[in-house]
Structures are given as C-alpha cells and as structure tokens.
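# Notes for the structure review
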Amino acid sequence: MRKILFTLFLLNSCFTMLSAQDFSVKGKVTASGKPVESATISLLKPDSTTIKQSVSGKDGSFIIQKINAGNYLVSVQFVGNTIYYSPAFQLDEQHPQNDLHSIQLVSSARLRDVVVTSQKQYMEQKIDKTVINIDASPANTGLSAYEVLEKTPGVSIDKDGNISLKGKQGVVVMIDDKPTYLSATDLANFLKNLPSSSLEQIELMTQPSAKYDAAGNSGIINFKTKKSKTVGFNTSVTIGTGMGKYPKTNESINLNYRTGKLNLFANYSYNYNKRYHTLDLTRNFRDNTGEIESKFEQTANMLSSRQSHYLKTGLDYYISKKTTIGFSVNGNFNPGKQSNDNVTDIMDADNNLQTQTFTNSNIRDKWTNYGGNINFTSKLYSAGQEISGSFDYIYYKTLSDQMFVSSFYNDNATKISNDETLRGHLPSMIHIYSGKIDYTLPLKHDAKLEAGIKSSYVETDNNAQYDSLLNNEWVEDSGRSNHFIYKENINAAYINVSKQLDKKWSAQVGLRLENTISTGNQLTTGQTFKRNYTQLFPTAYVSYAMNDKNQFSLNYGRRIERPDYEDMNPFYYFLDKYTYQVGNPYLKPQFSHNIEFSHTYKNMVTTTLGYAIINDMINEQLEQVDSTHTTYVTKANLANQHSLTLSVSAGIPVTKWWRINAYMQGAYNSFEGYINNGMIKVHGPSFSTNIQNMFTLPKGWSMELSGYYNSKAVYGTIVGLGQGSMNFAVSKKVLQDKGIIKLNFRDFAGLQQWNGYSRYQNIDVNIHNKWESRVVNISFTYRLSKGKQAEQRRINNSAGEEQSRIKGAN
C-alpha cells in the first residue's frame with residue numbers, strides 16, 4: 001500500500017511541476033444601472049462543468065485568472081435576478097484575455113407569479129457521463145422508471161430484469177447516488193412501481209472514477225429524483241391514467257420551499273398497476289443416448305396488481321456561506337397480489353399426451369422500505385477545498401404468503417393422484433448502515449486531489465417456512481424450509497489525482513482499496529461460510545482536445561461485481577411442481593477489466609470502442625433433473641467473458657423544429673467455462689439501436705416518435721432473439737405554460753416480447769415471455785413557482801453499492 005501511495009504522490013508531483021498558461025476573463029456586473037457586489041461568477045466548460053468561481057467587487061467588477069487555454073462560458077448569479085450566461089468564447093495565445101464588459105442582470109420579480117420553463121435536450125453527453133432528461137420526452141408520460149430505462153440509449157434488459165449497459169451486464173443502479181441494494185429480478189419489480197413523474201434525470205456512467213464504489217462491471221445507472229432549484233415556494237402536481245388490457249393510475253405531488261438559510265422539500269407519488277404476464281416453456285428430456293424421451297409444454301398465465309406509495313422529505317440548512325448540513329427520510333410501501341394458472345402437458349417423443357398437471361398459485365406480499373440520510377458539506381480555507389460527509393441507514397422488509405395447489409390428470413382427463421398443496425410464509429429483513437467522508441484539495445497549476453474513506457455494514461435475515469398439506473393437516477416441509485442470515489462489512493479508501501497538462505491534454509489517475517468481510521449462516525442445516533478479501537481497483541483517464549471539433553479520450557478501470565444478497569440465499573421460489581428457482585450461498589464475486597476509447601465530433605457525435613474481460617462471471621444457470629423431470633434456475637460463477645463493443649451516439653438538429661437522438665451499438669461476446677464438470681463455449685455478435693425523433697411545434701405542441709431494437713444476443717448459457725418497441729407521444733402546454741397535457745402510446749405495434757432458448761449438455765428449453773406492453777397513458781401536470789432560480793446542492797449519499805444488491809417488490 002505504501003508503494004502505491006508513493007507512486008501516486010510522484011505522479012501528482014509531476015503534474016504540479018507542469019506550468020499552465022495564464023489566461024483570464026473579466027467583466028463588470030450591473031443591475032438597474034448600478035454595480036452589483038458579491039455576485040457569483042462561474043467559469044464553465046461548454047458541457048456546464050464548473051472550472052473556477054469568483055465574486056464581483058464593490059464596483060461590480062471581477063476577474064478570473066490562471067485559466068488554461070480552451071473554450072468557456074461565464075454564468076452570473078445574484079439574488080433577485082435571473083441567471084446570466086455569456087456567449088461561448090475561446091482563450092489561447094492569440095486571445096489571452098476575454099473582456100465581457102458590462103453584464104446587465106435582469107430582475108426576476110416578474111417571475112413571482114409565472115412559471116419559467118425551458119426545453120432541455122433529451123440526451124446530454126458530458127465528460128464523465130450521459131444524462132437523460134426525463135421530462136424532455138413526452139413519450140415518458142405515465143411510464144414507470146423501468147419502462148423509461150428499457151428505451152434508454154445503450155441500456156438493454158433481459159427476460160429476468162438483468163440490466164446491461166453498452167452490452168455488458170453487472171450494472172449498479174442508484175437512486176439519488178444511493179444504491180438500491182436489490183437483485184436483478186426484484187430491482188426490476190421495484191422500478192416498475194416507481195413512476196417516471198418522480199424522476200428528473202437518469203445518469204449513465206460506464207467508467208466511474210475511484211471516488212465511486214468499485215461495484216458494477218459495466219458502470220453505474222443513477223436515477224435523480226425531482227428537487228426544485230427555485231428560491232421561494234414551488235409545487236407541481238401530476239394526475240394520470242393508463243389503459244392496456246387493465247387500468248393503471250399514477251399521481252404525484254412535489255413541494256419545495258427555499259428561503260434564506262433553509263430549504264424544505266417533500267415528494268409523494270402513488271401508482272396502481274394491474275397487468276398480465278404470460279410465460280411459455282418447452283423442454284425436451286433425453287435418454288442416455290441423446291434421443292428425446294419426453295416433452296414438457298408449459299404455459300403460465302399470471303395476473304398481478306400492485307399499489308405503490310413513495311414519500312421523500314427533508315431539509316438543507318445553510319449554517320454559513322461555507323457550511324451546509326442536510327437531512328432526508330424516504331419510505332416506500334408496496335402491497336400486491338398475484339395469481340398464476342399454470343398448465344403443464346407431458347408428452348412422449350411422438351407428441352402424444354401422457355399426463356397433465358394444473359397448478360394454481362396465489363401470492364400476497366408486502367414490501368416496505370424506509371431510510372434516513374444525514375450529510376454535510378464544508379468549504380475550507382482555500383478556494384475549491386472542501387470536505388463532505390454522508391451517513392445512511394436503510395431498512396427493507398418483505399413478507400410473502402404463498403399457496404400452491406397442483407392437480408394431476410392422464411390423457412383422458414381422469415385424475416390420477418391426490419392434489420398436492422404447499423403453502424409458504426417468507427419474511428425477509430435487511431439492515432444497512434453506511435458512512436463516508438470525501439475531501440477535495442485543489443493543487444497548483446490546475447491539478448486537483450480527491451481522497452476519501454467509506455464503511456458499510458449489511459445484515460440480512462431470511463426465513464423461508466414451507467408446509468405441505470398431508471391428511472388434512474399442515475406438516476412442516478423441512479426439505480424446502482430454510483433460515484439464512486448473511487452479514488457483510490466493506491471498508492474502502494480512495495485517492496484520485498487529476499491534472500490539465502496543457503491546453504490540449506488532461507489526465508486523471510485513481511486507486512481504490514476495498515476490504516470485504518462476509519459471513520453466511522444457514523440456521524436450518526448448520527452450514528456456515530466466511531470470506532475475507534482485499535482488492536485494489538485502479539482507474540486512469542487521458543483526454544486530448546485536437547481542436548474545437550474533435551476530442552479523444554482513453555480510460556481504463558478494474559471493477560468488481562458482488563453477488564446479490566438473495567442470490568446467495570438458498571431459498572426455493574416455485575413456479576410449479578416442476579419449475580423453481582434456488583439461491584447459491586457459495587457464489588463468489590466477479591472481476592472485470594474495462595477499457596474504452598472515444599472520439600467526439602462537434603459535441604454532437606460520440607463514437608466509443610470498448611473491450612472488457614470478466615473473470616468468474618456470475619450468470620443464470622439452468623439445471624435439470626431428468627429422473628424427476630424438474631428444472632430449476634440458480635446463479636453460478638459460470639465462465640470468463642470477453643466483450644468487444646462499438647457504439648455511436650448522436651444528437652442531430654435536422655431543423656429548428658426536428659431533432660433526432662440516435663444510438664447504435666454492435667457487440668461480440670464470448671463465454672468459456674465449466675458447468676456441471678463440462679466445458680461450455682458460446683459466442684456471437686449482437687446489434688442494438690435506439691432512435692428518437694422529437695418535434696417542437698407551434699403554440700406549445702410537441703410530438704415524439706421513437707423506438708428501439710435489440711438483435712439476437714448471447715447471455716451466457718441463454719440466447720435471446722430479437723425484440724423491439726415503437727412509441728408515439730404528443731404534448732400540449734396550457735394555462736400560460738403552467739400546465740402540460742401529455743398523451744403516450746407505448747409499443748403501439750405490439751412488438752415487445754422476449755423469445756430465446758438454452759441448449760447445452762442435457763438442457764434443451766425454448767422460452768417465450770409476453771407481458772402487457774401496449775398501453776395508452778394520459779396525464780396532466782400543473783406547476784406553480786414563486787421565486788428565482790438558485791444553485792442546487794448535490795448530495796452524494798454513502799450507501800452506494802450496497803443498496804443495488806437487495807430484492808424488492810414482486
């Protein structure tokens with residue numbers, strides 16, 4: 001560790017010895033013909049990244065010095081006035097100083113009784129991430145966070161809710177910089193119950209710096225919930241309804257009051273969703289010679305309904321100009337129920353019906369989550385020097401009561417045995433404690449040092465209790481019941497150094513150390529395990545601005561993907577007598593090396609070539625017991641994966657009223673490893689595209705036509721066939737732009753369904769998955785704002801990676 005820190009110190013010393021050009025910008029701020037003292041002056045990059053800040057003097061004048069060559073703009077903020085943005089300008093040897101002369105601020109008094117709205121671009125490409133602005137697309141009306149994510153450029157979701165970013169699985173999903181701690185399936189269910197009306201942005205980060213948790217093979221997806229930036233009181237109310245085969249509703253209210261040293265906010269949303277889901281499975285069972293012995297054709301018709309209540313409230317208190325503290329609490333309550341009518345036809349090799357099994361299941365569950373966060377930020381002595389801290393407690397509780405009844409008939413519809421009845425009572429609790437402290441220190445000659453520490457502790461308690469009905473009495477089913485407790489402590493520290501080398505080159509290096517201590521205890525069987533491992537995760541970035549039109553970047557990072565908590569839980573989750581899912585307590589983490597090379601042209605088109613190697617890849621594995629004709633799904637460290645991707649992202653203004661956002665990606669994935677003591681090698685190409693046409697029409701009208709397509713692709717042992725969706729939306733501003741009506745027709749062509757297969761060793765299964773995707777939504781939103789724009793404070797919560805590994809509502 002000392003050698004590593006010493007190396008970083010030498011790199012930092014080398015950076016600071018390189019001198020920067022001394023360019024500057026100056027001007028004078030006035031309002032109503034008088035000088036403005038103490039206005040905040042920000043020097044920004046074209047992507048809105050803040051480079052330096054200053055304040056105006058008594059005579060309104062300001063000057064920002066020691067600036068590197070490049071393209072910039074200036075923003076000016078002062079209480080009671082709208083924010084001023086200068087035109088973009090260039091600083092170089094021919095233009096060493098830019099004089100903005102007199103800047104006239106405009107009073108915002110006239111804004112007190114009206115709403116100021118601006119049309120953001122749907123997709124913004126920034127240095128370290130891609131930002132999706134939810135409300136910029138009317139096609140997001142009435143959707144859930146899951147449905148918005150499905151059509152987000154670069155994102156794909158498989159049949160089980162596993163999220164891939166740029167063709168790679170292992171994504172950490174966060175809500176307001178805080179991981180969700182959910183497994184793939186339950187994260188998908190949680191996002192399906194989170195309305196898009198409560199979201200402001202989605203941030204996509206494929207190569208996070210050492211400041212972020214090392215978890216996530218392909219990076220981070222961060223959902224940003226709405227929080228007003230306006231001083232004074234403001235509110236927005238949304239009511240909406242939708243209809244597919246069954247009705248849906250979504251309502252939300254956002255409140256914010258910001259004045260003086262205090263900012264108060266509260267958000268509440270309600271969602272009701274009733275939907276159907278059909279799953280078809282066809283399985284072939286073979287004898288020792290490889291000949292088909294019997295066939296299973298299984299159809300499951302599922303109907304679910306769920307309510308979702310989401311509440312978040314909190315405050316920020318500005319103790320002084322340099323120190324701010326904040327507090328927030330949030331809660332989520334999702335009661336729901338699901339029924340499943342399952343029919344399994346068992347046939348011989350010649351497709352003659354032998355027996356039929358009918359299974360009816362009813363599930364009622366309650367999913368509860370609440371949490372609290374305390375945070376602080378303090379600016380220290382020198383400009384840009386800052387220390388911040390965030391401390392979280394998060395609690396999850398689920399309770400699922402299940403009943404399964406199976407009946408058995410021969411080919412003549414005659415009952416051949418007694419019914420089998422199974423009931424389950426599955427309570428689960430998760431406690432998460434997390435805290436972190438971050439420190440930022442600007443160094444000489446446009447260099448910056450970041451360092452921090454983090455610690456988290458997680459405890460999960462899962463108790464699956466199954467009973468069978470025998471002779472009209474409930475008898476404990478010890479073969480299926482289990483009580484599993486898992487504890488995990490992760491301690492981390494990082495250091496990150498960045499430097500503008502000259503007017504064209506910049507670099508950043510970082511190193512993160514993480515120590516993981518975990519224990520698992522199966523109380524039912526007495527089996528236990530304990531793990532203790534320490535890993536280093538380096539990151540490196542180099543960027544080169546060849547000219548105003550062409551920028552290049554190269555980055556590398558090593559990352560880890562730890563198993564989801566409940567994927568290690570050895571519980572049984574049943575679809576019917578012949579099909580179930582079970583956890584694997586012996587899962588190990590997977591590690592990846594990721595490298596990307598990107599080129600950006602005119603800040604409009606970005607082309608990225610990426611390569612990744614994943615070791616001990618965690619993937620879904622099908623197991624088949626031929627003697628009992630049962631198939632179950634589990635997670636295992638299957639293989640090593642090599643992934644090569646080429647993607648192009650473009651935002652093209654065709655005309656003043658028509659803009660196209662397009663994303664295209666080609667990938668080639670290969671998997672190689674051992675399953676059930678046998679070698680498996682699978683590989684293949686894939687292609688995906690996402691195209692969005694946005695039309696800004698006169699008199700407050702706007703329209704959107706969008707769609708996506710994912711080609712055939714290899715997902716470990718499963719091959720998914722092509723799927724897509726087409727969407728249409730229209731919106732109209734009303735009530736002097738205070739209100740907006742949106743209509744959205746999602747998947748109007750009915751193309752969105754999942755088809756695939758898995759064939760290896762004794763596994764031969766075809767899968768068809770269809771859900772209620774064709775839905776019409778309409779909503780009305782009313783916004784009222786009395787005040788002026790203010791700078792928003794960003795809170796980085798401490799519970800990052802942990803929260804993305806928890807199961808959520810079904």
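All of these numbers come straight from a predicted model, not from anything done at the bench.

What follows deals with the packing of aromatic side chains. Two aromatic rings are characterised by how far apart their centres lie and by the angle between their planes. Across all of its chains, the model carries 18 aromatic pairs by this definition. A centroid spacing of 5.1 Å and a plane angle of 45 degrees characterise the contact between Tyr 393 and Tyr 433, whose relative ring orientation is tilted. On the criterion of sequence distance, the pair formed by Tyr 393 in strand 25 (residues 386-410) and Tyr 433 in strand 26 (residues 420-443) is long-range, its members being 40 residues apart. Accessibility expressed as a relative area gives 40% for Tyr 433, which makes it partly exposed. An aromatic cluster of three or more residues is present, and its members are Phe 285, Phe 296 and Tyr 578. Here the basic side chain of Arg 423 rests over the ring of Trp 474, its NZ or CZ set 4.3 Å away from the ring centre. Taking NZ or CZ as reference, Arg 759 lies 4.4 Å from the ring centre of Tyr 757, over its face.

For Tyr 709, the location among the structural elements is in strand 40 (residues 701-710). In sequence terms Tyr 709 and Ile 691 are 18 residues apart; their C-alpha atoms lie 9.1 Å from each other. Aside from chain neighbours lying at most four places away, what touches Tyr 709 is Phe 687, Ser 688, Thr 689, Gly 722, Gln 723 and Gly 724.

Let us now look at the nonpolar core. In this structure, Leu 149, Val 155, Ile 163, Leu 191, Ile 202, Ile 221 and Phe 223 are the most contacted members of the largest nonpolar core, which totals 49 residues. In this structure Val 155 touches Leu 149, Glu 150, Ile 163, Ser 164, Leu 165, Leu 204 and Ile 221, once residues within four positions along its chain are discounted. Residues Val 29, Val 36, Ile 64 and Ile 103 belong to the second largest nonpolar core, which totals 20 residues.

Turning to the confidence of the model for the protein, a few remarks are in order. Considering every residue of the protein, the mean pLDDT works out to 83; 87% of them sit at 70 or more. The low-confidence segment residues 1-20 (pLDDT under 50) makes 26 contacts with residues lying over four places distant or belonging to another chain. Per-residue pLDDT stays below 50 along residues 109-118; that stretch engages in 18 contacts with residues further than four places along the chain or on separate chains.

When strand 33 (residues 572-576) meets strand 34 (residues 579-582), the two strands line up antiparallel, connected through 4 bridges. Paired with Tyr 572 across the two strands is Val 582, which belongs to strand 34.

With that out of the way, let us pick up unusual backbone geometry. Phi is positive for His 101, which is not a glycine, with a value near 60 degrees. Unlike most non-glycine residues, Asp 747 shows phi in positive territory, near 50 degrees. Mapped onto the fold, Asp 747 is located in the loop between strand 44 (739-746) and strand 45 (753-760).

Attention now moves to the pairing of strand 17 (residues 199-205). Summarising burial for strand 17: 6 of the 7 residues are buried, a large majority. Of the pairings in the sheet, the one linking strand 17 to strand 18 (residues 219-225) comprises 6 bridges and is antiparallel in character. Its bridge partner lying in strand 18, Leu 199 is registered against Thr 225.

Basis of the calculations
- Residues numbered from 1 in each chain as written.
- Predicted model: local features only at pLDDT ≥ 70, side-chain atom pairs only at ≥ 80, totals over all residues.
- Heavy atoms only, no water.
- Phe/Tyr/Trp six-rings, centres within 6.5 Å; stacked < 30°, edge-to-face > 60°.
- Helix = DSSP H or I, 4+ residues; strand = E, 2+ residues; numbered from the N terminus.
- Buried < 20%, exposed > 50% of the residue type's maximum accessible area, 1.4 Å probe, protein only.
- Lys NZ or Arg CZ within 6 Å of the ring centre and 35° of its normal.
- Contact = heavy atoms within 4.5 Å.
- Core = buried A, V, L, I, M, F, W, Y, C linked by side-chain atoms within 4.5 Å.
- pLDDT = per-residue confidence, 0-100.
- Pairing = 2+ DSSP bridges.

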